[in-house]
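# Commentary on secondary and tertiary structure
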Number of protein chains: 2
Amino acid sequence: MQPKRLSVLGVGLLGGSIGLAVKSILTDCTVAGYGHRPETLDRALARGAIDEAYVDPRQAVQGADLVVLCTPVGMLESVFDQIAPALALGALVTDVGSTKRRIVAHARKYPGVRFIGSHPMAGSEKRGVEFAQADLFTGAKCVLTPNESPEADALAAVDAFWRLLKMETCYMPPEVHDWMIANISHVPHAIAAALVTMQDGSSLSLAGKGFADVTRIAAGDGGLWRDIFVENEDNLRLGLQRLQQVTQTLLDHLARGDGEAVKAWLEAAAERRQSLVTPSPSPGE
Amino acid sequence: MQPKRLSVLGVGLLGGSIGLAVKSILTDCTVAGYGHRPETLDRALARGAIDEAYVDPRQAVQGADLVVLCTPVGMLESVFDQIAPALALGALVTDVGSTKRRIVAHARKYPGVRFIGSHPMAGSEKRGVEFAQADLFTGAKCVLTPNESPEADALAAVDAFWRLLKMETCYMPPEVHDWMIANISHVPHAIAAALVTMQDGSSLSLAGKGFADVTRIAAGDGGLWRDIFVENEDNLRLGLQRLQQVTQTLLDHLARGDGEAVKAWLEAAAERRQSLVTPSPSPGE
């Protein structure tokens, strides 16, 4: 779909980038932004990420044909509750949350709202509209997580919107999404943070390029990740247990003095990593 | 020191980069390279990383005033044994190994050899002289690990050599080095590999920039890292236990439903990571 009036609720890195992207692609779309703090809205206006600014989400969604919830996941439900009565007839609602079970279940309480959950997998450890980019989503993956009986038109329209932003879309149930994302994103985030925390100052002074790469994501916003970890705790716990098992295999090979098995363990990981088609690394800090 | 005749034993990424760096800085230094395979030596000659090529390390060190051992750590001792009788009088010997206890202890068996252990902390997951760069060492740290009674002149000369390559040098005992490096490099490497290994194919298909950053180092050479893990097994094991403890703290906060503690845990890591002065990320793949 090509929205005529887009409402972006939360104008940080992701919300700001959606505004910039849409305004760079569509000439006839007005972007209304909601932000908690007026200063944030001013910066979003100054960057050209939004055309209109509101400190009340109900005003921000008025007349919008597409609403994208871009607040931290811990605030999605309360924002949803606020906007539900204010939505235009037929308006589509989606979100950018990194966890999907809770918001999809919550939306089900509002059968009149056309909601399709999304997780556009773009972003960085940077925060704020200052780091928003029109091409943040280009080429990245977007997971759509319809409930068990999605409205076909709504799903197709939300899909088309993310593809308009040049994303590759795929679908899966919210439960599957949360498990897979725990493994590929939440466990790595927890471990990156733990790798920083475990260092003493003198070890840290020896940090090189490798350590910088491994721990880059750990610089991300604490409050935002707290919400994600709290919501996806069960999957995070299970994923960390799996990581522990895999690491124990390496230690067992070492304990047995089985150098060949250690090498095979490392080479299997190296081959798998090399075969991964990945985007370029994040820009330097 | 500024060598007149430098011998580089092992002409891969590090050995090749030392050759290129020295030849870009000194006009009057001849670089003799040793390689196990003639094809590797041919490529090193073609890249201009060495001036002379030898398949026998004893020939490669003849007349050299500085010898740098650049083989995988598992081969350092046997190469040392071979070259010891062939060294020129007064020749200095150092190495680039990522573990230091074993080679420093081994060198002590040869009181006539002027050896100072080094660990230039540069490199990448790439291997081979094809990826060698004259500026690989520029601005990176180099740890020197003298034994308890180092020869002052030898230490000063090896220090001066790495500073000639624009490295920042520091000193510590081999035992301290191996523990610190286990924490800042070997544990992260093991964990990066485990993070790749734990994924199933469908999770892996969702890998984004963050996962690519976290696991980049896991693409490194399996045989080389096997040697490092085998030699530094005790410290690696202890470091992984520490990581496990730190991660358990996060899980305990989550189990208690203590969102504030989760946030504080994440923010402490984020602040620490942000304050880290780190080199630019590795080039894209």
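Scroll up to find the structure.
Residues numbered from 1 in each chain as written. Chains lettered and ligands numbered in written order. Predicted model: local features only at pLDDT ≥ 70, side-chain atom pairs only at ≥ 80, totals over all residues. Heavy atoms only, no water.

## Some words on the overall build of chain A
- Each helix and strand in chain A was counted, giving 12 helices and 9 strands.
- In terms of overall size, chain A behaves like a compact globule, its C-alpha atoms giving a radius of gyration of 21 Å where 285 residues would be expected to give roughly 19 Å.
- By principal-axis analysis of the C-alpha atoms, chain A measures approximately 70 × 40 × 30 Å.
- The 285 residues of chain A split such that 56% are buried.
- Put simply, of all contacts in chain A between residues at least 6 apart along the chain, 71% involve residues at least 24 apart.
- A total accessible area of about 11000 Å² is found for chain A, and carbon and sulfur atoms account for 53% of it.
- Charged side chains in chain A number 27 positive and 33 negative. The centres of these two groups are separated by 1 Å. (Helix = DSSP H or I, 4+ residues; strand = E, 2+ residues; numbered from the N terminus. Rg over C-alpha atoms; globule rule 2.2 N^0.38 Å. Buried < 20%, exposed > 50% of the residue type's maximum accessible area, 1.4 Å probe, protein only. Contact = heavy atoms within 4.5 Å. Areas by Shrake-Rupley, 256 points an atom, 1.4 Å probe, with all protein chains shown as cover. Lys, Arg positive; Asp, Glu negative; His and termini not counted. Charge placed at Lys NZ, Arg CZ, Asp CG, Glu CD.)

## Remarks on the pattern of salt bridges
- Per the stated rule, a full pass over the model turns up 41 salt bridges over all chains.
- Each of Asp213 and Arg216 of chain A together with Asp213 and Arg216 of chain B takes part in a single network of salt bridges with overlapping partners. (Salt bridge = Lys/Arg side-chain N within 4 Å of Asp/Glu carboxyl O.)

## Brief notes about helix α4 (residues 76-83) of chain B
Residues and elements named next belong to chain B.
- Considered for burial, the residues of α4 that qualify are Leu76, Val79, Phe80 and Ile83. The buried residues of α4 occupy an angular sector of 105° when projected down its axis, which confines them to one face.
- Contacts from the buried residues of α4 go to β1 (5-9), α3 (57-60), β4 (66-69), β5 (92-95), α5 (101-107) and β6 (114-115). (Arc of directions from axis to C-beta.)

## Details of the sheet that holds strand β2 (residues 30-34) of chain A
Residue and element names in this part refer to chain A.
- Ordered in space as β3-β2-β1-β4-β5-β6, the 6 strands form an open sheet in which the pairing is parallel. Taken across any chain shown, the strands that pair with only one partner, and hence form the sheet edges, are β3 (52-54) and β6 (114-115).
- Strand direction decides the pairing type here: strand β1 (residues 5-9) and β2, joined by 5 bridges, are parallel. The residue of β2 that forms the bridge with valine 8 is glycine 33.
- Sitting on the sheet, helix α2 (residues 38-46) is in contact with β2 and β3, with an inclination near 170° to β3. (Pairing = 2+ DSSP bridges. Axes fitted to C-alpha atoms, helices over the stretch in contact; angles between N-to-C directions.)

## What to know about the relation of the copies chain A and chain B
- Mapping chain A onto chain B calls for a screw motion: a turn of 180° about the axis and a shift of 0.0 Å along it, with 0.0 Å RMSD after fitting. Read as a symmetry element, the transformation amounts to a two-fold axis. Residue valine 214 of chain A, judged by its C-alpha, is the member of chain A lying nearest the rotation axis, at 1.9 Å.
- Most of the interface of chain A is mirrored in chain B, where 100% of its interface residues are also at the interface. (Least-squares fit on C-alpha atoms with pLDDT ≥ 70 in both.)

## Looking at empty space enclosed by the protein
Residues and elements named next belong to chain A.
- For the structure shown, the criterion picks out 1 cavity of 30 Å³ or more.
- Of the pockets and cavities examined, the largest cavity occupies roughly 50 Å³.
- Around the largest cavity, the lining residues are Val73, Leu76, Glu77, Thr99, Arg102, Ile103 and Glu231.
- Looking at the lining of the largest cavity, the elements that each hand over two or more residues are α4 (76-83) and α5 (101-107).
- Class assignment of the residues belonging to the lining of the largest cavity gives a composition of 3 nonpolar, 1 polar and 3 charged. (1 Å grid on protein atoms, 1.4 Å probe; cavity = no way out; pocket = protein on both sides within 12 Å on 5 of 7 lines; lining within 4 Å. Points joined across faces, edges and corners; volume = space filled by probe spheres on them. Nonpolar A, V, L, I, M, F, W, Y, C, P; charged D, E, K, R; others polar.)

## A closer look at the sheet that holds strand β9 (residues 168-171) of chain B
Residues and elements named next belong to chain B.
- Taken in spatial order, the 3 strands make up an open sheet running β7-β8-β9, and their pairing is mixed. Two strands lie at the open edges of the sheet, namely β7 (117-120) and β9, each paired on one side alone. Taking the axes of each pair of neighbouring strands and ignoring which way they run, one obtains an average angle of 20° across the sheet.

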